[in-house]
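Each chain, letter by letter, is given below.
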Amino acid sequence: MGGCFSKPKPVELKIEVVLPEKERGKEELSASGKGSPRAYQGNGTARHFHTEERLSTPHPYPSPQDCVEAAVCHVKDLENGQMREVELGWGKVLLVKDNGEFHALGHKCPHYGAPLVKGVLSRGRVRCPWHGACFNISTGDLEDFPGLDSLHKFQVKIEKEKVYVRASKQALQLQRRTKVMAKCISPSAGYSSSTNVLIVGAGAAGLVCAETLRQEGFSDRIVLCTLDRHLPYDRPKLSKSLDTQPEQLALRPKEFFRAYGIEVLTEAQVVTVDVRTKKVVFKDGFKLEYSKLLLAPGSSPKTLSCKGKEVENVFTIRTPEDANRVVRLARGRNVVVVGAGFLGMEVAAYLTEKAHSVSVVELEETPFRRFLGERVGRALMKMFENNRVKFYMQTEVSELRGQEGKLKEVVLKSSKVVRADVCVVGIGAVPATGFLRQSGIGLDSRGFIPVNKMMQTNVPGVFAAGDAVTFPLAWRNNRKVNIPHWQMAHAQGRVAAQNMLAQEAEMSTVPYLWTAMFGYGEGFDDVIIQGDLEELKFVAFYTKGDEVIAVASMNYDPIVSKVAEVLASGRAIRKREVETGDMSWLTGKGS
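Bear in mind that the values here come from a model prediction, so they are computed numbers and not experimental data.

1. Quick look at the overall build of the protein chain
- Each helix and strand counted, the protein chain has 12 helices and 36 strands in total.
- When the 591 residues of the protein chain are sorted by exposure, 55% land in the buried category.
- Of the roughly 26,300 Å² of accessible surface on the protein chain, 48% is carried by carbon and sulfur atoms.

Now the structure itself:
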């Protein structure tokens with residue numbers, strides 16, 4: 001192995017913005033399907049959905065041979081507010097004791113498989129330590145994103161001071177539970193030129209909107225269209241592991257869409273929307289009429305506009321094909337990454353051990369400066385430099401030079417010339433809303449679609465969600481902001497669906513963000529760091545005035561989840577509390 005560099009620590013930056021949540025109630029209308037059937041105004045006629053239209057759920061008491069039951073601990077083994085992973089048959093369950101009651105749930109977060117025992121238990125919910133998804137401990141239901149699925153809930157009984165858990169073997173292996181959904185019963189599904197709901201864009205917002213409609217008992221036609229050639233996939237994973245195949249990224253299998261009657265049109269580009277006749281026209285001339293429309297087109301990556309921009313092997317990363325081509329071409333070659341934001345740095349981290357050299361070009365003086373501040377940015381830059389990444393800061397690309405049409409050199413404004421066989425451009429994105437310019441649907445000067453708290457545009461029956469929208473942030477006096485974040489897109493897709501069904505849900509919270517930060521405000525005026533920046537074991541508190549407005553951490557789980565829970569309970573965190581380095585206020589029950 002001589003001469004090899006040790007493998008860099010995977011650069012897994014979990015940066016969360018946690019904001020005070022004032023009113024959660026409205027947002028968490030649970031999709032339990034209880035109560036009176038809902039009326040839905042579709043094509044002018046009220047349709048009633050009754051419970052028998054819902055899919056049959058697995059029987060709550062599976063047959064004895066499919067079940068495993070065992071004593072997992074003594075009643076006194078757990079204190080109130082404690083969680084423990086316990087063995088049950090061939091699997092494990094998460095045992096929780098809250099207010100004297102025991103609950104047993106799936107032990108892994110369905111999103112990326114995080115061990116929930118390392119998360120935070122508070123107010124009847126367990127919050128995932130990695131990306132902040134929240135699950136109700138009484139039902140196992142997902143109550144805060146990211147992710148699509150809920151946890152299994154297992155039966156618990158106490159006998160002779162022992163705690164017994166009973167679970168079906170299948171549930172123990174599955175580790176995830178999809179909420180009960182309606183099927184499509186529309187006779188015209190699949191071939192007619194009109195649909196009840198049309199969703200443009202199949203990222204998180206579009207998919208969650210479609211799933212929420214089905215969870216809420218909606219059984220009319222839903223069409224989801226996407227520019228991509230794939231079914232909805234996990235785009236944030238692209239820049240973290242560039243050689244992942246599309247099928248490994250899929251958020252739901254093909255059978256899922258078939259089972260619930262969610263039609264997906266791939267490689268389908270909408271060119272115009274006519275809100276008067278409620279029709280959209282696709283690039284191939286196909287026309288589709290809709291009754292409700294969700295616009296979730298996301299954004300398009302910005303490209304370089306310098307001399308030589310047409311040479312080959314210069315990429316933005318938008319699809320699995322882009323990502324896969326970059327890895328293939330980068331092996332053993334010289335790579336230049338333009339832009340030291342999250343995407344650029346994730347790509348650089350992934351390619352350090354595959355490429356011959358990796359260089360990063362950035363206008364700012366440290367990576368992530370706008371997001372994380374100077375000190376944290378510098379510490380991370382050092383970590384990358386220790387892994388042979390070379391930085392060219394406070395400069396930009398002035399020319400791309402090719403040889404026989406293929407990239408050979410990147411010329412910087414500082415007149416430095418860097419050898420390059422592959423260039424990855426990560427300099428931000430613009431909303432992909434060009435097709436709406438003549439539609440009468442309001443766009444702001446930057447091309448974003450402004451919506452209200454219910455995700456409605458200026459046109460009745462037309463909703464928008466995801467990276468392409470600006471919405472009123474309650475926390476910032478309802479100033480319209482854009483937060484291009486995977487988890488936000490989930491939450492907005494859900495609220496849009498609830499309002500299509502006239503449920504009057506509002507976006508009342510900004511959830512826990514785990515990458516880009518402060519894309520929406522004047523940001524922070526001070527950063528207080530506890531731990532050790534050199535060792536990259538730290539937590540950084542970002543303050544504005546006297547208040548902590550965000551937190552970032554590395555190798556310090558689950559501190560961010562704890563902060564999120566303190567803020568979620570409605571309590572502000574003051575600057576002086578984090579300056580002392582005494583973290584007892586975090587473990588204390590929100591005094």
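After presenting the structure, the write-up continues.
2. Section: the environment of Ser439
- One can find Ser439 in the loop between β29 (429-431) and β30 (449-450).
- Here the alpha-carbon distance between Ser439 and Asp274, two residues 165 residues apart in the chain, equals 5.9 Å.
- Within the structure, Ser439 has its side chain in polar contact with the backbone oxygen of Leu436 (distance 2.7 Å).
- Of note is the side chain of Ser439, whose polar atom sits 3.0 Å from the backbone nitrogen of Ile441.

3. As for the pattern of salt bridges
- Applying the stated criterion across every chain, the model contains 31 salt bridges.
- Measuring nitrogen to oxygen at the nearest pair gives 3.4 Å for the salt bridge that ties Lys240 to Glu346. Here Glu346 lies in helix α7 (residues 342-351) and Lys240 lies in helix α3 (residues 236-240), a separation of 106 residues in the sequence.
- For Lys240, a relative accessible area of 25% puts it in the partly exposed group.
- The shortest N-O distance in the salt bridge between Glu399 and Lys307 comes to 4.0 Å.

4. Regarding the confidence of the model for the protein chain
- Here the protein chain averages 84 in pLDDT, while 84% of its residues score no lower than 70.
- Confidence drops under pLDDT 50 across residues 1-60; counting only partners more than four residues distant or on other chains, this segment forms 143 contacts.
- Taken as a whole, residues 513-522 scores under 50 in pLDDT and shows 54 contacts with residues more than four places along the chain or in a different chain.

5. Some remarks on the sheet that holds strand β11 (residues 142-144)
- The strand order β8-β9-β10-β11 describes an open sheet built from 4 strands, whose pairing is antiparallel. Each having just a single partner strand, β8 (120-122) and β11 make up the two edges of the open sheet. The average angle at which neighbouring strand axes cross in this sheet is 30°, direction not considered.
- Strand direction decides the pairing type here: β8 and strand β9 (residues 125-127), joined by 3 bridges, are antiparallel. By the bridge assignment for β9, Ser122 is matched with Arg125.

6. Regarding the nonpolar core
- Among the nonpolar cores identified, the biggest contains 78 residues, and Leu198, Leu213, Val273, Leu294, Leu295 and Phe471 are the most heavily contacted of them.
- Considering each element in turn, this core owes the most residues, 8 residues, to helix α9 (residues 486-500).
- Setting aside anything within four residues of it in sequence, one finds Leu294 in contact with Leu198, Ile199, Val200, Ala205, Gly206, Cys209, Phe463, Ala464, Ala465, Ala496 and Met500.
- Ranked by size, the runner-up nonpolar core spans 48 residues in total, among them Phe384, Phe391, Ile529 and Leu533.

7. Regarding the environment of Glu534
- With respect to the helices and strands, Glu534 occurs in the loop between β34 (526-532) and β35 (537-544).
- Here Glu534 falls in the exposed class, since its relative accessible area comes to 60%.
- The spatial distance from the C-alpha of Glu534 to the C-alpha of Ala379 is 6.5 Å, given a sequence separation of 155 residues.

8. Structural notes on the packing of helix α2 (residues 204-215) against α9
- With their axes 7 Å apart at the nearest point, α2 and α9 run at an angle of 40° to one another. As the angle between them shows, α2 and α9 are arranged oblique. Note on packing geometry: the crossing formed by α2 with α9 is right-handed. Taken together, the residues of α9 that come into contact with α2 (itself represented by Ala204, Ala205, Val208, Cys209, Thr212, Leu213 and Gln215) are Trp486, Ala489, His490, Gly493, Arg494, Ala497, Gln498 and Met500.
- The class makeup of the residues in the contact of α2 with α9 is 9 nonpolar, 5 polar and 1 charged.

9. Let's talk about the pairing of strand β25 (residues 397-403)
- One ladder, built from 6 bridges, connects β25 with strand β26 (residues 406-412); its direction is antiparallel. Across the sheet, Leu400 pairs through a bridge with Val410, a residue of β26.
- Connecting the antiparallel pair β25 and β26 is a turn made up of 2 residues, with Glu404 showing a positive phi of about 50°.

10. A short note on the sheet that holds strand β7 (residues 101-105)
- Spatially, 6 strands are ordered β4-β13-β12-β7-β6-β5 in an open sheet, and the strand pairing comes out antiparallel. Single-partner strands in this sheet number two, and they are β4 (67-74) and β5 (82-88). Across this sheet, the average inter-strand angle for adjacent strands is 30°, counted without regard to direction.
- Examined bridge by bridge, β7 and strand β12 (residues 153-159) share 2 bridges and lie antiparallel to one another. The residue bridging Leu105 from the neighbouring strand is Lys153, located in β12.

11. Examining the side chain of Gln492
- With respect to the secondary-structure elements, Gln492 resides in helix α9.
- Assessed through its relative accessible area of 1%, Gln492 is described here as buried.
- Sequence-distant contacts of Gln492, that is, excluding residues within four places in its chain, are made with Met455, Ala465, Gly466, Val469, Phe471 and Met507.

12. A look at α7
- For α7, the tally of buried residues reaches 9 of 10 residues, placing the bulk of the element in the interior.
- All buried positions along α7 are accounted for by Phe342, Gly344, Met345, Glu346, Val347, Ala348, Ala349, Tyr350 and Leu351.

13. Details of the packing of aromatic side chains
- In total, this model carries 5 aromatic pairs according to the counting rule given.
- On the numbers, 4.8 Å between centres and 50° between planes, the contact of Phe342 with Phe368 is tilted. Here Phe342, found in helix α7, pairs with Phe368, found in the loop between β23 (357-362) and α8 (369-386); they are 26 residues apart in sequence, far enough to count as distant. Of the two residues, Phe342 and Phe368, neither departs from the other in class, the shared state being buried.
- Among the aromatic residues, those joined into a cluster by ring pairs are Phe256, Phe257 and Tyr260.
- Between the NZ or CZ atom of Arg252 and the centre of the ring of Phe256, over which it lies, the distance is 4.5 Å.

14. Observations concerning α9
- Here α9 spans 21 Å end to end across 15 residues, near enough to the 21 Å set by a 1.5 Å rise per residue.
- By the criterion of burial, α9 is predominantly enclosed, with 15 of the 15 residues buried.
- In the segment just after α9, Ala502 is the residue with positive phi, at about 55°.

Criteria and cut-off values
- Along each chain, the written sequence defines residue order, and numbers are assigned to residues from 1.
- Reporting in this predicted model follows two pLDDT cut-offs: at least 70 for local features of residues, and 80 or more for side-chain atom pairs to be given and counted; totals over whole chains, interfaces and linings ignore these cut-offs and use all residues.
- Hydrogens and water molecules were not included; the side-chain quantities draw on all heavy atoms of the structure.
- Strands here are runs of E lasting at least two residues and helices are runs of H or I lasting at least four, both read from the DSSP assignment and numbered beginning at the N terminus.
- In this scheme, a residue with accessible area under 20% of its type's maximum is buried, one over 50% is exposed, and one in between is partly exposed, where area comes from a 1.4 Å probe on protein chains only.
- What sets the accessible areas is the Shrake-Rupley method with a 1.4 Å probe; for residues, cover comes only from the shown protein chains.
- Two N or O atoms count as a polar contact when they lie within 3.5 Å, although within protein this holds only if one can serve as hydrogen donor and the other as acceptor, and sequence-adjacent residues are included solely when both atoms are side-chain atoms.
- Salt bridges are counted wherever a side-chain nitrogen of Lys or Arg sits within 4 Å of a carboxyl oxygen of Asp or Glu.
- Known as pLDDT, the predictor's confidence for each residue is given on a scale from 0 to 100.
- Should any heavy atoms of two residues lie within 4.5 Å, those residues are counted as being in contact.
- A pair of strands is labelled paired if DSSP reports no fewer than 2 bridges between them.
- Note on definitions: angles span 0 to 180 degrees between N-to-C directions of axes, and those axes are lines fitted to C-alpha atoms, for helices only across the stretch in contact.
- Only buried Ala, Val, Leu, Ile, Met, Phe, Trp, Tyr and Cys residues count toward a nonpolar core, and they belong to the same one when joined by side-chain atoms within 4.5 Å.
- Any angle that falls under 35 degrees is termed roughly parallel, while one over 145 is termed roughly antiparallel, one within 65 to 115 roughly perpendicular, and all others oblique.
- By definition, turning the near helix anticlockwise from the far helix through less than a right angle yields a left-handed crossing, and turning it clockwise yields a right-handed one.
- Put simply, Ala, Val, Leu, Ile, Met, Phe, Trp, Tyr, Cys and Pro go in the nonpolar bin, Asp, Glu, Lys and Arg in the charged bin, and everything else, Gly too, in the polar bin.
- Note on ring pairs: Phe, Tyr and Trp rings are taken, using the six-membered ring of Trp, and paired if centres are within 6.5 Å. Classes follow the plane angle, with under 30 degrees stacked, over 60 edge-to-face and the rest tilted.
- Any Lys NZ or Arg CZ that is within 6 Å of a ring centre and within 35 degrees of that ring's normal is treated as a charge sitting over the ring.
- Multiplying one less than the number of residues by 1.5 Å gives the expected span of a helix.

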